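Next come the chains, spelled out residue by residue.
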Amino acid sequence: MKLHEIAVAAPVPGSLTYSFPAALQPGIRVLVPLGSRLIVGYVLAQLPDNEQLLVEIEIKAVADCLDAYPVFPAQLIPFFRWMAEYYHHPIGEVIRTALPAGLSGTSSGAAAKAKTETVVRLCAPLSDQPAAALKKSEQKTLELFYQHCGGSPVMPRRELTKLYSGAGKALKGLAESGLITLEGRHVYRDPFGELLPYSDRPAELTTEQTAAVSALTAAIDAGAFQTFLLHGVTGSGKTEVYLRAAEHCLAQKKNVLVLVPELALASQMEGQFYSRFGERLAVLHSGLSDGERFDQWQRILRGEAKVVVGARSAVFAPFPDLGLVIVDEEHEAAYKQDDGLRYNGRDMAVLRARFASCPVLLGSATPSVGSLYHAEQGKYRLLILPKRIGGQVMPNVELVDLRKEKRGRKDWFFSDRLLAALKENLAANLQSLLFVNRRGYAAFMLCRDCGAVARCRNCRVSLTLHRGRNQLICHYCGYTLRPDIICPDCGSGDVVGLGLGSERVEAEVRRLFPEARVARLDSDATADRRAQISLLRQVREQEIDILVGTQMVAKGLHFPKVTLVGVVWADSGLSLPDYKAAERTFQLLAQVTGRAGRGELAGKVIIQTHQPGHYVLTAARAHDCRAVYEQEIALRSMLGYPPFGRLINLRFSGENESQVEAAAKTAAALLRAVILQNSLPADILGPAPAPLSLIKNRFRWQLLLKGTRPEILHWLCDQLLREKGKICGKKVRLTVDVDPENMM
Ligand code: ADP
Ligand code: ZN
Ligand code: ZN
C-alpha cells in the first residue's frame, strides 16, 4: 500500500492521508471516504512507505481514482499550499476554486464540447498571391478576403459565404490549388456574442515602448522573478508592450499569463491577443460555459495553448512553466474575490511569478498607491509611457462648484456650465456622456414629516426608487416594495425620493433636451446583453447624442465622437468609510475622463462637485496621479495603513445580533490578551458593527487586525481560528478577509 497526501474538497483544515495500492501522481483526482460519505480529493504528494503507520492509525483507502492523468501540474501545488495558509482557507477548497467547474467535482466534464468553425487561411502573404489561372469566382472570393480580412491571414469561412454565395465552392477550388487551407478552429467570441476585432501590429514602437520592451525581454531571458510597473496614460500603447513581451516569451518557448480585471475588458484583450497569437491563445473567464472552460483548461494542460488571457481565476491556469505574467489595470478592486476564497488575483499573479521564477508586469494608467510606493522603494521597476500614441492631448478638465449653483432648483445636478456644454455639443452634432455613480431614480426615500428613511426589511440600507419598474428596491438583497409607501415611523404619506440615480438624470436630460437622442446604460436598463450590444453599436454609429451611465460606461469604451464627458456628482465615493476611498474616487474620475476625446477631436470633461478643493478633484483636473499618491502616502504612513501596515478583517455574522456581538467581543478580548501576553506589535480595531450592519437578515460585526508584520497577524489569526468553535458556536459565521478591499 502506498500512502498519499490528499486535499479533500471540504472545509477541513489541512490535508489528509489515504492509501492506494499503486503510486498516484500529484494532480490526480480521487474519491475518498470522509466521515460517512465519499468525497472528491486531490493528490498532493506520495508519502514515504510506512507499514507501521498503516497498522497503528488505521489509514483509510482511496475508494476510486478519477483520472488517468493529472488535472493540474504538480508545479502548482506549492502555490496552492501557500494560498491556503495565507488566506486561512482549506487547501482542498483552494484547489476546488482553482479548477473549472467540470473538473472540481466527479464528472469527467467532457459533456460540453467547445464550438468550432471553419476558417480560411492564406498560404502565402497577401501580396504574393498569383492572380493568374483562377476562376472568376475564385478571383472574386480572394478579393473579398482582402477587403474584409483587416490585414489578417485568417478569416472565418462563414463570413465569406455571407458576402458571396459562390464563395463556398470557390474556396474548395482555392484549397485544391494550394492557395489557401481550410481548417477548423475554436470559435472565439466576446461575451456579447460579437466576433473579436483583429488589430494590426504597428511597424515601429515608440522610444518609450522600445525601452519598456527591452527591459522586459532581458528579464524574460534572465528567467528570474522581478516585478515591473508599467505606468502609461490611456492610449499610450501599453497593450502593444504586453504583446511584444509575450511574443518574445513565446519565441523562447515559454508560456504567458495575462490577467484583466473583468469580463468586458477580458474580451478586448482577448481580441488583441487572438489576432497576434491565434490558436496558441486560451481564454478563461466567467463568460464561458462550464464546458468551454473545461475545454480551455484541457488545451492549456495539453500544451496546445501557450498564452492565457482571463479574469481573476485565470491566475490558476495550469501551465507547468511560465515565462511572463501580465496584470492589466493592476489597481482594480475587481481583482479581489469577495466570497469563498477571498483572494486577490493581482497579488496572486505576482506570487505565481515568484514561484515560477519569471518576471511579472503590472500595467495601469492610474497605478495603485501601493504599487507606486513599491516602485519608489525599488521593489518594483518602474517603466513609463508618458504620452498618448499619435500625440493626442489629454482632455481639458473643468471643475464646477455645486455649492455655488442655485439651491432648491429641481435640476440642481445640472450646473449652467454643464448645460451650456451639452447644448453646444448637441448643436455641433457631437456626442456626450454623463456619468452617474448610482443606478435607479432616487437614492433614498425620505419622510418629510419625521425625517425617517425607508429601509430594507432584511438589510439596514436605504431602498432605492426605480421609476421605470415602479418599485423601491434593495440593492443588496433585491427586496422590493411599491413606491407609494407611508412612513414606517410616523405614518405620514409625505414620503419623497431624494438623491441622485442614473434613471433620474436620464429623465431630466430628456426633459431638458427633448430633441436629443438619449440612452441609458446601467445594469437596470441593459441587463440583457443583446440590448447592451445594440445600444453600444448605436452609440458607435452616432445614433445617440447623450449617453447616461454608471460604472459600466467608465471602462474600456472607445467612441471617437464622444467629446464631452460630464461627471454629475463626483463626491459620492469620497466619504465612504474605507481608507481607499480617495484613491478609488481618483481612479474612477481618471477613467471616466479617459473616455473623452479618443478620436481626432479634442475632449472636454466637466466634473461637478461640492468639494472642488479636495486633492482628489484638483488632481483629477491636472491628470496628476502623483499628487494623490503623495497625500495618500502621508496619511497612510501616519495611520499605519497599507502599504505601511497590513490588514486582516475578521467578520462575524449571524441572524441573532447579540450572539454576533458576543462572538466579536470574545474574539477581540482573546486577541488582545494574546497580544499583551507576548508584547506583539499588532493592533486590534473594533469590534464594531460593519458599515453595512445587516444584510440579507444577517447581522454583521467586524474586527480589524492591523500591523506591520504580516507573519504576526497571520499567527494571531491562527490562534483565533483554533478557538473558533468555542467563540462562534454553530450560529455565528466567521470570515477571514486578508488584505480586504471592501470593508463595508
Ligand atoms: P493603452 O493600452 O495604453 O490604452 P493601446 O495599446 O491600446 O494603449 O494603444 C492605443 C492605440 O495606439 C491602439 O490603437 C494601438 O494599436 C496603437 N499603437 C500602439 N502602439 C503603437 C505604435 N508603436 N505605433 C502606432 N500605433 C500604436
Ligand atoms: Zn415619518
Ligand atoms: Zn435588502
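All of these numbers come straight from a predicted model, not from anything done at the bench. (Residues numbered from 1 in each chain as written. Chains lettered and ligands numbered in written order. Predicted model: local features only at pLDDT ≥ 70, side-chain atom pairs only at ≥ 80, totals over all residues. Heavy atoms only, no water.)

Undergrad: Would you mind going over a nonpolar patch on the surface with me for this structure?
TA: Among the surface-exposed residues, L635, M638 and L639 lie close enough to one another that they form a single nonpolar patch of about 300 Å² accessible area. You can call M638 exposed: its relative accessible area is 64%. (Patch = residues over 30% accessible without salt bridge, like charges linked within 9 Å, V, L, I, M, F, W, Y side chains within 5 Å. Areas by Shrake-Rupley, 256 points an atom, 1.4 Å probe, with all protein chains shown as cover. Salt bridge = Lys/Arg side-chain N within 4 Å of Asp/Glu carboxyl O. Buried < 20%, exposed > 50% of the residue type's maximum accessible area, 1.4 Å probe, protein only.)

Undergrad: Could you clarify how one ought to interpret a positive patch on the surface in this entry?
TA: Taken together, the side chains of K135, R157, K169 and K172 make up a positively charged region of the molecular surface. As for its position among the elements, K169 is in helix α7 (residues 167-176). Given a relative accessible area of 71%, K169 falls into the exposed group. (Lys, Arg positive; Asp, Glu negative; His and termini not counted. Charge placed at Lys NZ, Arg CZ, Asp CG, Glu CD. Helix = DSSP H or I, 4+ residues; strand = E, 2+ residues; numbered from the N terminus.)

Undergrad: Honestly, the site of ligand 1 in this entry has me stumped. Any pointers?
TA: Near ligand 1 lie 14 residues; those nearest to it are E204, Q209, G235, K238 and T239. One nitrogen or oxygen atom from the main chain of K238 is found 2.9 Å from an oxygen atom belonging to ligand 1. Protein burial of ligand 1: of its 560 Å² of free accessible surface, 65% is covered by the chains. If one sorts the elements of the shell around ligand 1 by residue count, helix α9 (residues 238-251) sits on top with three residues. For the shell around ligand 1, the class distribution of residues is four nonpolar, seven polar and three charged. (Near = heavy atom within 4 Å. Polar contact = N/O pair within 3.5 Å; in protein donor to acceptor, adjacent residues only side chain to side chain. Nonpolar A, V, L, I, M, F, W, Y, C, P; charged D, E, K, R; others polar.)

Undergrad: Explain the sheet that holds strand β30 (residues 733-738) here, please?
TA: Neighbouring strands of a sheet are bound in pairs by backbone hydrogen bonds; such pairs are parallel or else antiparallel. On the basis of which strands lie adjacent, the open sheet formed by four strands has the order β28-β29-β27-β30 and antiparallel pairing. In this open sheet, the two strands that pair with only one neighbour each are β28 (683-695) and β30. With direction set aside, neighbouring strand axes in the sheet form an average angle of 20°. Where strand β27 (residues 646-654) and strand β29 (residues 698-707) come together, nine bridges link them in antiparallel fashion. (Pairing = 2+ DSSP bridges. Axes fitted to C-alpha atoms, helices over the stretch in contact; angles between N-to-C directions.)

Undergrad: What exactly am I supposed to notice about the pairing of strand β11 (residues 281-284) here?
TA: Every second residue of β11 is oriented toward a common face, with L281 and V283 on one face and A282 and L284 on the other, all of them buried. After leaving β11, the chain enters helix α11 (residues 290-301) and then returns to the sheet as strand β12 (residues 307-310), a path that is right-handed. (Right-handed = clockwise from strand over helix to strand, strands pointing away.)

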